[in-house]
Amino acid sequence: MADASSAIPAAVLRNLSDKLYEKQKMQRLSYKIIIKQQSTLAFWPVISHPWTNVTSVGVHFPPPLTTGLSLNHSSELLTLTHFTHSLSSKPKMAISVPIPSRQLFIDGEWREPVQKNRITVINPATELVIGDIPAATAEDVNVAVEAARKALKRNGGKDWASASGAHRAKYLRAIASKIIEKKSELAKLEAIDCGKPLEEAACDMDDVAGCFEYNAGLAEELDKNQNASVSLPMETFKCHLIKEPIGVVGLITPWNYPLLMATWKVAPALAAGCVAVLKPSELASLTCLELGEICREVGLPPGVLNILTGLGQEAGASLASHPDVDKIAFTGSSATGSKVMTAAAQNVKPVTLELGGKSPIVVFDDVDIDKAVEWTLVGCFWTNGQICSATSRLLVHESIAEEFVDKLVKWTKNIKISDPLEEGCRLGPIVSNGQYEKVLSFVSTAKSEGATVLCGGGRPQHLEKGFYIEPTIITNITSSTQIWKEEVFGPVLCVKTFTTEEEAIDLANDTHYGLASAVISNDLERCDRVIKASDVGVVWVNCSQPCFSQAPWGGKKSSGFGRELGQWGLENYQNVKQVTRYISDEAWGWYKPPSH
């Protein structure tokens, strides 16, 4: 590599140094000068670290300093130290996050994609490219599925599929331990990859470890529950059940909870004795690739878990339709879920679908308004509003509506919107520019349809870069307004009022989705009536969005079918074999024996 400094006149460097030094009013930082070919010098603050083959983009400023000088120079790097960037307000310093450079994780090792293509990773908080991930295609899917099939059959299945649940549990617990050990770095990767606040991402890592631990326990229970007897009405027969892994499973997961949603599928699949090919969303795959490194570190047998990053229409579609994949589990949009189901149907393979939602939260007039307001915010704005179960349709009793909405707006305006790595962040950016534009389009259409935006609906004034949208509250809508009916997947809450309990239930169920709902009331008998009437798979009472590894998760209608988590999640990945034995010494005696 050429020496970058040799091509830059000393006078230029002195001029840059002087300009920076004149602005010095605060702490000292290091600056990396990025010299772009036939472009200007751009200054980005950096923090050095010991990793190799790693890209580090750790500090987010307002627009970068530039010299206005045009240089004809190949892309090289030069570091100037001990200068300060100072604007009228203190710059917001975030944490330096190393981005490991990974390949596809196949058969226990890192492999370059057959086509050698890669996809850029963009930090949604800065709109900067911070790294890249491998782009798998159909050829790589074939290799990964073959590796999984080989792992399933290795040593007659004794290495994994037919090994004891206790044997598999040791690996799951080792993975959980590694997740906790790497919690800090994984949370940071998650935050810069998908935009969720760092504190939320850290909570996700705890949940990831907890899910692996819980499924390790389920794996151990399989041993003692195996060969369970079935009571029969005839004493001449005995029956027992053998639970077996379903085989090679394809797991396709979303970008809003990258590692956690992957774990919801990977942990029970492995606990059951399956082998898996995981295809995370191309919009947020960094932590899923790190799961591959963790599996390598704990010595998971090769091929038991394979991880392919890549585009949905290439890697995902090939996985869903692959003839040697025995089951598909998918979390994502209803439209894509329909395509996955169609592809899987060609080979008559089972599917589990956890799809979209447009969930209601019903607030009655006997509540503590401040508590109800906070749960309403949690229900819609957690994870930047990008939750399939978001209770984004608020139904509030008309007698408290004015006071409730007034407080709701005040609480909403108090939410800290910032770089996800900044301390106290409670709302980060939308995951991508495409999703950002989609959410803004929903808001724009709502306005054109006569709705009123009480707060939010656009970019925060203090953030010039990043895919940020202020938390938004919309009123004056009808049941036919687009934003009331369709999943937005962003920080947008729609508000309607109701008069009677019956009206509230009708409005809550008036959707083709059926994932979740919430009811807030001090009258528990009323809550029970609403629970029974709710046409959904999950109901929250006096809260919104809590989720536990022990409890089943899933919906109905256009929100999909099947259940994840709890023992039901494990059963998704098992076949049940019935074994019936005739125990009498007497002949059956149905046919008359031939005469001699």
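Residues numbered from 1 in each chain as written. Predicted model: local features only at pLDDT ≥ 70, side-chain atom pairs only at ≥ 80, totals over all residues. Heavy atoms only, no water.

A. Structural view of helix α11 (residues 401-413). With 13 residues, α11 should cover 18 Å at 1.5 Å per step; its first-to-last C-alpha distance of 18 Å lies within 8% of that length. Inspection of α11 places A401, F404, V405, L408, V409 and T412 among the buried residues, and these make up the whole buried set. The buried residues of α11 all sit within an arc of 135° when viewed along its axis, so they share a single face. Residues of α11 that are exposed and point over 90 degrees away from its buried face: E402, K410 and K413. Those residues of α11 that are buried lie in contact with β18 (360-363), α10 (369-381), β19 (393-397), β20 (452-455), β21 (472-475) and β22 (492-498). (Helix = DSSP H or I, 4+ residues; strand = E, 2+ residues; numbered from the N terminus. Expected span 1.5 Å × (residues − 1). Buried < 20%, exposed > 50% of the residue type's maximum accessible area, 1.4 Å probe, protein only. Arc of directions from axis to C-beta. Contact = heavy atoms within 4.5 Å.)

B. Representation of the side chain of E200 within the structure. Following the sequence through the fold, E200 ends up in helix α5 (residues 198-225). No salt bridge is formed by the buried E200. Its closest oppositely charged neighbour is K196, at 4.8 Å. Non-local contacts of E200, meaning those with residues more than four positions away in its chain, are made with W382, T383 and R426. (Lys, Arg positive; Asp, Glu negative; His and termini not counted. Salt bridge = Lys/Arg side-chain N within 4 Å of Asp/Glu carboxyl O.)

C. Structural detail: the packing of aromatic side chains. Counted according to the given criterion, the structure contains 10 aromatic pairs. Relative to Y582, the ring of F237 has its centre 5.3 Å away and its plane inclined at 50°; by these criteria the two rings are tilted. Of the two residues, F237 is situated in strand β12 (residues 237-245) and Y582 in strand β28 (residues 574-582); the sequence distance between them amounts to 345 residues. An aromatic cluster is present here, built from F237, Y582 and W588 joined pairwise through their rings. Its guanidinium or amino end placed over the ring of Y573, K327 lies 5.7 Å from that ring's centre, counting from NZ or CZ. Just above the ring of W484 sits the side chain of K496; from NZ or CZ to the centre is 5.9 Å. (Phe/Tyr/Trp six-rings, centres within 6.5 Å; stacked < 30°, edge-to-face > 60°. Lys NZ or Arg CZ within 6 Å of the ring centre and 35° of its normal.)

D. Region of interest: the sheet that holds β28. Pairing is antiparallel across the open sheet formed by 3 strands, whose spatial order is β11-β12-β28. Looking at which strands have only one partner, the edges of the open sheet turn out to be β11 (228-230) and β28. Averaged over all pairs of adjacent strands, the angle between their axes in this sheet comes to 35°, without regard to strand direction. Where β11 meets β12, 3 bridges bridge the pair, whose relative direction is antiparallel. The partner of A228 across the bridge, within β12, is L241. (Pairing = 2+ DSSP bridges. Axes fitted to C-alpha atoms, helices over the stretch in contact; angles between N-to-C directions.)

E. Here's a closer look at the sheet that holds β21. Strand order across the open sheet formed by 7 strands is β20-β21-β22-β19-β18-β24-β25, with mixed pairing between neighbours. Every other strand in the sheet has two partners, leaving β20 and β25 (538-541) as the edge strands with one partner each. The average undirected angle you get between the axes of adjacent strands in this sheet is 25°. Bridging between β20 and β21 involves 3 bridges; their strand directions are antiparallel. Looking across to β21, one finds that C455 is bridged to I473. Packing against the sheet, α10 makes contact with β18, β19, β21, β22 and β24 (516-520), and its axis sits at approximately 135° to β22.

F. Geometry of the environment of S164. Within the secondary structure, S164 sits in the loop between α2 (138-153) and α3 (165-181). Judged by its relative accessible area of 34%, S164 is partly exposed. Considering only alpha carbons, one finds S164 and E220, 56 residues apart in sequence, at a separation of 7.8 Å. Looking at S164, its side chain comes within polar contact range of the main-chain nitrogen of H167, at 3.0 Å. (Polar contact = N/O pair within 3.5 Å; in protein donor to acceptor, adjacent residues only side chain to side chain.)

G. Spotlight on the confidence of the model for the protein. Averaged over every residue, the pLDDT of the protein is 87; the share at 70 or more is 84%. This stretch, residues 1-14, has a pLDDT under 50; its non-local contacts, to residues over four places away or in other chains, come to 14 contacts. Under a pLDDT of 50 for its full length, residues 16-94 has, in the predicted model, 162 contacts with residues more than four places off or in other chains. (pLDDT = per-residue confidence, 0-100.)

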